[in-house]
Amino acid sequence: MLKLLPKFAIGIASAAISSGVIATSLAQNSTVSYDFTINVTKGSLAGKSFNGSFSYDNSTLKGIGVEELGVAQGLKACFNYLGRNYSESDDRDYPTFPKLVFENGLIKQLDFWLEPKKRVVWWNLPGWEVKYTQRKASAPTALNCQKR
């Protein structure tokens, strides 16, 4: 089991975004950007932190029911895992994924998967704490996700 924990941690981005609920701003049609930090609290990666960011154009969101935004709708994502940056094009199922899932205008999950194995649902797993910060409108919306 401990041998699998580092592989599970790669899916943290999926779980991380969905473990909290973030309200979206539907009043304006614009690019919305968030930064996030994941603090691992259990398992072989306990004590480590990872960060990332994502941005999306909210112009197509209605704020009613379940909605998804993917790469085709302008989703950009960046996740730094163990010193390497991964962008949306690194998702195992790109360009179908990653996806940002909303429910009644609230972000429920970022499904961002890096493992070559079967995609796993992560959003109910314990073991990490996620902090989200929406970037101010005056901040750059471009994500710095160059490969290291």
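Rules used in this analysis
- Residues numbered from 1 in each chain as written.
- Predicted model: local features only at pLDDT ≥ 70, side-chain atom pairs only at ≥ 80, totals over all residues.
- Heavy atoms only, no water.
- Helix = DSSP H or I, 4+ residues; strand = E, 2+ residues; numbered from the N terminus.
- Contact = heavy atoms within 4.5 Å.
- Polar contact = N/O pair within 3.5 Å; in protein donor to acceptor, adjacent residues only side chain to side chain.
- Salt bridge = Lys/Arg side-chain N within 4 Å of Asp/Glu carboxyl O.
- pLDDT = per-residue confidence, 0-100.
- Pairing = 2+ DSSP bridges.
- Axes fitted to C-alpha atoms, helices over the stretch in contact; angles between N-to-C directions.

Attention now goes to the environment of Asp-35. With respect to the element layout, Asp-35 can be found in strand 2 (residues 31–40). Along the backbone, Asp-35 and Ser-53 are 18 residues apart, and their C-alpha atoms lie at a distance of 4.2 Å. Apart from residues lying up to four places away in sequence, Asp-35 is in contact with Gly-52, Ser-53, Lys-131, Tyr-132, Thr-133 and Arg-135. Polar side-chain contacts of Asp-35 include one of 2.8 Å to the side chain of Arg-135.

Enumeration according to the criterion identifies 7 salt bridges in this entry. Through salt bridges with shared partners, a single ionic network connects Asp-91, Arg-92, Asp-93, Asp-111 and Arg-119.

Let us now look at the confidence of the model for the protein chain. This prediction gives the protein chain a mean pLDDT of 78; 70% of its residues lie at or above 70. Averaged over each element, pLDDT in the protein chain is lowest for strand 1 (residues 22–23) (46) and highest for strand 4 (residues 66–70) (96). In this model residues 12–27 is a low-confidence stretch, pLDDT under 50, and it forms 59 contacts with partners more than four residues away in sequence or in other chains.

A few words on the sheet that holds strand 3 (residues 49–57). Taken together, the 5 strands give an open sheet; going across it, the order is 6-5-3-2-9, and neighbouring strands pair in antiparallel fashion. Lying at the two open borders of the sheet, with one neighbouring strand each, are strand 6 (84–87) and strand 9 (128–134). If you compare each strand with its neighbour and ignore which way they point, the axes differ by 15° on average. One ladder, built from 4 bridges, connects strand 5 (residues 76–81) with strand 6; its direction is antiparallel. Among the inter-strand pairings, Phe-79 is bridged to a residue of strand 6, identified as Tyr-86.

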